[in-house]
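# Residue-level structural notes
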Amino acid sequence: MENNRTSSHPRGLYVLFFTEMWERFGYYLMLGIFSLYMIDSTQNGGMGFSAVKKSDIYGTYLGLVYLTPFIGGLLADRVLGYRKSIIIGAILMASGYIGLSLPGESVFYLSLFLIIVGNGFFKPNISTLVGNLYNKPEYKDKKDAGYNIFYMGINIGAFICNFVAAYMRNNYGWGYAFIAAGVGMLIGLIWFLRGMKHVKEVDILKPVQKEDLSLKKIFGLVLLPVFGFAVLGWFLPGTIFGSDGTDAFLIGSIPVVIFYASLWFRASAEDKRPVGALLAVFAAVVIFWAIFHQNGDALTIWAKDYTDRNIENTIMEKAFDGINLTQNISYDANSPKSYFTNLPADKIPEQGKSLKLYSTELYQSINPFWVIVLTPVLVGFWGFLRRRGKEPGTPAKIVLGLLITGLSALVMVAAVKSVNVDTEKASNWWLFGTYGVITIGELCLSPMGLSLVSKLSPPRLTALLMGGWFLSTSIGNKLSGILSGMWEGYEDKSKFFLVNFALAFAAFLLLFAMLRWLNRVMKEKGVK
C-alpha cells in the first residue's frame, strides 16, 4: 500500500497529473493559435479562410473533439481498457498536431481528424482513471480535491503553451508552433508509460449486464445512424443552423443523444435515478461550454482587434523582447491592418513605421493563470467549510459555477461600454477580469462535473458516462462556434455578451430548480 501513496493522495494521481499536463499543453497550444492560423493569409503561412468559415470550422472541430469520447469511453469500458486507450489516443493526437505543420488543405483536415479521434481515446479514460484511484475507502472523501489537483495540471500545461506558441510562431512560423504541440503530447506519453504501474490496479474491464447493449448493437443502432444523420444534415436544401457543417454536426449528434437517453430507460431500478441525475446535469452544462469556449474565438478576436495590445514603454517590454513574444506591425495607409481600424489617430504611427504589440495568443494564458492561482484558494475554502460541516455538495457547486459564468459575460458588457469600440481600444484588464470571474465558475463546475460522474455512475458505465459529460462539452463547443459566428452581426458588441449572460442564467435557473432532487440522489448513493 505504501508504494501507491504520496502524502494523502494516491501516487497514480501524479502520474496522471503530468500526463494530462503535457497533453493539455499540446491541445491548448494548438487551440490558442487555431483561429488566428485559419484567418491569417496564405502569404504568411496561414489558411486564408474567411471569418465565417473560421468560426464554423472552429466550432465543428471543438464539437467533434469532445464527441468522440463517447466511442473511446465505450471501447475502453468493454474491450481495450483505459491504459491502452490512452496510449492510442496520445499517438494519434501527436501525429495530428505535427501534421498541421504541413501545407495543404487536405492535410489540414486529415490532421484535425487524427486529433479528434485521438482525443476520443484519451480524454474520457484518463479522467476515469483519476476517479478509480479514489474509489478506495481511504481516498473517497478526497475525490473532489483530487479532481481539483488534476485540473490544475491541465491548466499548468495550458498556461505555458501559449508562450511557447508565440515564441515559435514569431521566430519560426506557424508550422513549428504546431510541431511543439506534438512534442508536448509525446512527452506526456513517455511520462505515462514510465509511471503506468501506479495505475495498473485500477484499470479493470467492467462486466456487461443484461440491460446493456452489445457493442455490435451500439455500432449498428448508434454509430451508423450518426453518419447517416450527418450526411442528411449536410445535404439538406438550404441550412437550418447557419451552415452545412453545423447542420451535419447537430443533426448527426441526435442518435448519440438518444443513446444516452436510452441508458436511463434501460437502467435497473438501482441505477435509474443516478443515471437520470447525470443526464440532467449534462443537459444544463452545455451552456457553460458554449460560453467558456468563446476564449478561443470571440474573445480572441476581441483581444486581437479591440484590446490595447501596445507593449511599448511598459515594464513588460524588455522582458518580452528578450524572448520575442511580441509582434511588430507596420502602418500602411493604403492597406491598414485590422488593428489600426479603431486605433485613435494620435496613436497611429507614421507611414511605414511599426507598433510593438503583445502576441494575441498570450491572452489565452490568462484563464489557466487564474486556474493555477485560484485552485489552491478554492480547494482550501472547500476544505475550511468541510471541517465545519458546511461544504456544499457537488451539485450545488456546479449550480454556483453556472451563475458565476453568467457574471463573467457581464464583465465584457462593461468592457464594451467602457470605450467607443469604433474609435478606441479597451484596456487589457477587462480580459483579466472576465477570465478571472469565469475561472471561478469553471473551478466550481468542470472538475466537479468529472467528480460527479465518478461518484454517481454505475461502475461498468463510468467511462461511457464520462463520455456523456464530454458529449455535453461537445455540443456546447459547437454552440460556441455558432455564437462566435454571430459576432460580426452585432454592431453593438455588448448585445453579443448579453446573449451569453442570458443563456448562462437560464441554465442556472434550470439546474437550481433540480438541486434538491440532485442532493437526494447523492444521499441515496452515500456520496456528497
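My aim in this report is to walk through the structure given alongside it, one point at a time.

Rules and cut-offs
- Residues numbered from 1 in each chain as written.
- Predicted model: local features only at pLDDT ≥ 70, side-chain atom pairs only at ≥ 80, totals over all residues.
- Heavy atoms only, no water.
- Helix = DSSP H or I, 4+ residues; strand = E, 2+ residues; numbered from the N terminus.
- Rg over C-alpha atoms; globule rule 2.2 N^0.38 Å.
- Buried < 20%, exposed > 50% of the residue type's maximum accessible area, 1.4 Å probe, protein only.
- Contact = heavy atoms within 4.5 Å.
- Areas by Shrake-Rupley, 256 points an atom, 1.4 Å probe, with all protein chains shown as cover.
- Lys, Arg positive; Asp, Glu negative; His and termini not counted.
- Charge placed at Lys NZ, Arg CZ, Asp CG, Glu CD.
- Patch = residues over 30% accessible without salt bridge, like charges linked within 9 Å, V, L, I, M, F, W, Y side chains within 5 Å.
- Salt bridge = Lys/Arg side-chain N within 4 Å of Asp/Glu carboxyl O.
- Pairing = 2+ DSSP bridges.
- Core = buried A, V, L, I, M, F, W, Y, C linked by side-chain atoms within 4.5 Å.

## Some details on the overall build of the chain
In terms of regular secondary structure, the chain is built from 19 helices and four strands. Relative to the 2.2 N^0.38 estimate, which gives 24 Å for 528 residues, the radius of gyration of the chain is 23 Å and therefore close to what a compact globule would have. Taken along the three principal axes of its C-alpha coordinates, the chain extends 75 × 55 × 45 Å. By the burial criterion, 58% of the 528 residues in the chain qualify as buried. Across the chain, the fraction of contacts at a sequence separation of at least 24, relative to all contacts at a separation of at least 6, is 81%. Counting every atom, the chain has about 21300 Å² of accessible surface; 65% of that belongs to carbon and sulfur. Averaging the locations of the 48 positively and 36 negatively charged side chains of the chain gives two centres separated by 11 Å.

## Some remarks on a nonpolar patch on the surface
Nonpolar side chains collect at one region of the surface, where Ile98, Tyr167, Tyr172, Tyr176, Ile179, Val183, Leu186 and Ile187 lie side by side and expose about 670 Å² of accessible area between them. Elements with a contribution of two residues or more to the nonpolar patch: α6 (143-172) and α7 (174-195). Of the residues forming the nonpolar patch, the biggest block, five residues, is contributed by α7. Assignment of secondary structure puts Ile187 in helix α7. Owing to a relative accessible area of 33%, Ile187 belongs among the partly exposed residues under this scheme.

## Thoughts on the pairing of strand β4 (residues 354-358)
Of all five residues in β4, four are buried, a share of seventy percent or more. In the sheet, strand β3 (residues 326-330) pairs with β4 via five bridges, with the strands oriented antiparallel. Bridged to Asn328 within β4 is Lys356.

## Some points on the nonpolar core
Counting residues in hydrophobic clusters, the biggest one holds 145 residues, and the most contacted among them are Tyr61, Phe108, Tyr260, Trp302 and Trp469. Take this core: its biggest share by element is 15 residues, from helix α11 (residues 269-292). With residues up to four places along the chain from it excluded, the contact list for Trp302 reads Thr307, Met412, Ala415, Val416, Val421, Ala426, Leu431 and Trp487. Listed in part, the seven residues of the second largest apolar core include Ile329, Phe340, Leu343 and Leu355.

## Some thoughts on helix α9 (residues 244-252)
Counted residue by residue, α9 has eight buried out of nine residues, so it is predominantly covered. Looking at α9, one finds that the buried residues are Gly245, Thr246, Asp247, Ala248, Phe249, Leu250, Ile251 and Gly252.

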